[in-house]
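Structural features, examined
Single-letter residue listing:
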Amino acid sequence: MKTKIYLQIFMSPYTLEHLHANSEYSMVIEALQTSRLANGEAENSNCPESFLSPRQDCKRRHGSNGTIATPYDENCTNEHMVGVSSRDATEDIDTNIQPDVVFKKARVQRELTLQDMYNQDSFDDDDEDDSDWEPMQKHFEIMKWFCTNCTMVNLDDVVHCDICGEHKESGILRHGFFASPSSQDGPTDVELEFKGKYKDMQSGVSFSNRCTAIGFDERMLLHSEVEMKPRPHPERPDRLRAIAASLATAGIFPGRCHPISAREITREELKMVHSLEQIEAVDLSSQIHSSYFTPDTYANEHSARAARLAAGLCADLASTILSGRAKNGFALVRPPGHHAGVSQAMGFCLHNNAAVAALAALAAGAKKVLIVDWDVHHGNGTQEIFERNKSVLYISLHRHEGGRFYPGTGAANEVGIDGAEGYCVNVPWNRGGVGDNDYVFAFQNVVLPIASEFDPDFTIISAGFDAARGDPLGCCDVTPAGYAQMTHMLNALSGGKLLVILEGGYNLRSISSSATSVIKVLLGENPGCELGDSAPSKSGLVTVLEVLKIQMNFWPSLASRFTELQSLWEIYAAENKKKQIKKIRRADAPIWWKWGRKRLLYQIIKGHLRVRSRGVN
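A brief report on the enclosed structure follows. (Residues numbered from 1 in each chain as written. Predicted model: local features only at pLDDT ≥ 70, side-chain atom pairs only at ≥ 80, totals over all residues. Heavy atoms only, no water.)

**Observations regarding the pairing of strand β6 (residues 290–294)**
Of all 5 residues that make up β6, 5 are buried, and the element is covered over most of its length. Relative to strand β7 (residues 297–300), β6 runs antiparallel, the two being bridged by 4 bridges. Bridge pairing links Ser-290 to Asn-300 in β7. Counted between consecutive antiparallel strands, the loop separating β6 from β7 contains 2 residues. (Buried < 20%, exposed > 50% of the residue type's maximum accessible area, 1.4 Å probe, protein only. Helix = DSSP H or I, 4+ residues; strand = E, 2+ residues; numbered from the N terminus. Pairing = 2+ DSSP bridges.)

**Brief notes about the sheet that holds strand β5 (residues 258–259)**
Strand order in the open sheet formed by 8 strands is β5-β4-β8-β13-β12-β9-β10-β11, with parallel pairing between adjacent strands. Only two strands of the sheet have a single partner each, and these edge strands are β5 and β11 (424–429). For strand β4 (residues 212–215) and β5, the ladder comprises 2 bridges, and the chain directions are parallel. Paired with Ala-213 across the bridge in β5 is His-258. Lying over the sheet, helix α16 (residues 436–454) contacts β9 (369–373), β10 (392–399) and β11, oriented at roughly 170° with respect to β10. (Contact = heavy atoms within 4.5 Å. Axes fitted to C-alpha atoms, helices over the stretch in contact; angles between N-to-C directions.)

**Re helix α18 (residues 508–522)**
The end-to-end C-alpha distance of α18, which contains 15 residues, comes to 21 Å, matching closely the 21 Å that a straight helix rising 1.5 Å per residue would cover. Of all 15 residues in α18, 15 are buried; the element is thus mostly enclosed. At the N-terminal boundary of α18, the capping side chain belongs to Asn-507, with an oxygen 3.1 Å from the backbone nitrogen of Arg-509. Where α18 ends, the next residue or the one after it, Gly-524, has phi of about 105°, a positive value. (Expected span 1.5 Å × (residues − 1). Polar contact = N/O pair within 3.5 Å; in protein donor to acceptor, adjacent residues only side chain to side chain.)

**Here we look at the pattern of salt bridges**
Applying the stated criterion across every chain yields a total of 20 salt bridges. Salt-bridge contacts for Glu-166 lead to Arg-509; the nearest nitrogen and oxygen are separated by 2.7 Å. One end of the pair, Glu-166, is in the loop between β3 (153–155) and α7 (172–175); the other, Arg-509, is in helix α18, and 343 residues separate them in sequence. Take Glu-166 and Arg-509: they sit in the same class, and that class is buried. Overlapping salt bridges bring together Glu-264, Arg-267, Glu-280, Asp-283, Arg-305 and Arg-308 as one network. (Salt bridge = Lys/Arg side-chain N within 4 Å of Asp/Glu carboxyl O.)

**Side note on the packing of aromatic side chains**
Applying the stated rule across the entire model yields 8 aromatic pairs. Between Phe-348 and Tyr-506 the ring centres are 5.7 Å apart and the planes differ by 90°, which places this aromatic pair in the edge-to-face class. Pair noted here: Phe-348 is in the loop between β8 (328–331) and α14 (353–363) and Tyr-506 is in the loop between β13 (498–502) and α18, with a separation of 158 residues, a long-range link. A relative accessible area of 4% means that Phe-348 is categorised as buried. Owing to a relative accessible area of 4%, Tyr-506 belongs among the buried residues under this scheme. (Phe/Tyr/Trp six-rings, centres within 6.5 Å; stacked < 30°, edge-to-face > 60°.)

This is the structure we're talking about:
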């Protein structure tokens, strides 16, 4: 399968005017520009989008008709996806068309959905009479600002974000999550306390004692979306800046961790993971100012290098940990990678960093590698790469909801193929809002039992923090303490040889606090509060039972656990039934029913008839 790359080519109005000198074409261009300005639209903004709350945004991404939407759907028109040459533009415009008609078509075109574009002939140009239309004499510009933390739009007279509460002049990019969310830029008391706590430690620690390695390179910040959209892209450079600021404020990095040198992954190494067509498509983007692999997966001229640096850092961290030069590591990299498959870049991902690291670990001497993916989206690319490989066990915990949540893959019955059945384990949550209790419960009853039986030599975490509380895309409820607890559990495997690779996560405060908590565990700190005996939700228990029923066919140790949890579910169901009955019996009835036509119903609700019947018997 050949990879398709959609390129966007920008032409200035100056170029267009010189390509077409005739007066009729000038009238067309003028009419189009007038129509855009009259609607308050900037010339470089071609994708109008309403700004929704996180809950509404999640619903929109699922699709109203059950279809799968991309994680960041901008409703792009065709001109965003297909390259347009100046020659094509000349041939497509009818020189005899009138400016009024052009204006009307332009207005209708902006309102079309992708589905409507296939039925454009059904629109009648004469449906509306615009003969009495006059342009407004005054233009009122609504001032807006975008939240640094969650990218949501706010009116200029609002100081705090309506969605996440972050201050308009937040210092999160300078102080990390230690910056106060409710006040203007400035360090908090917590930040000053951390600086004092680690000041002496930083001066006394030698390079040989720093057992946790960090992979980071500032050139990855150059990967960004060029085209201006109604709202900033969630996968943005500020994600790394916020985490780096938090680590610096806490005295962790630089300080208690040591960096490794960055290098670009070679084409030979990438060919072990991706097809040649996919590699060449990513490399081609370096020659173009702005391009898109999918409507939500952008690239600029720096993106290919950023992707190679991210993959190279992950590969070198894996070999460094396997060789014993570092105990564990954290890859602070972007673009993310777990959606990138063998032949396609998608879901913000260009190269699959976790897959590159796993193969680097195998090349460095590991016999078996475990990949645990707790990103809220299923890592369809990682599963595709290793679904036939018994040397790599892939376990993913993600929102699925019957395939309605992006990317739609990762059902419990996707277990691997061609003799590697059981080496893909999917824990598909059937709702949003999943929190610490359900994740820890799944770790205790699915992840750790299977991982212990697999007995890996090296463990990789695809650490997306978009299941964190406050994330605008994930809409779940995992806390930094929950991520720390899961990291602590996995750190007991593989003799502590653990590599954490950053994937998703789009709320800066959530992602920076969660990443800091994870790195503290890598440094040997206690994860904090114990979440071990917390009861799961009803839906969480059902999901775990579903996974155990399927996976115990491949991992015999799960059979006893499935029987135990099934008994627990029966007890839970019986108690729930009793509660429902009591709730019905407690239903109150108006006192006047006692003497009216409904006196029989009153006695039934109150239980009087049942009590009397017992007395007679």
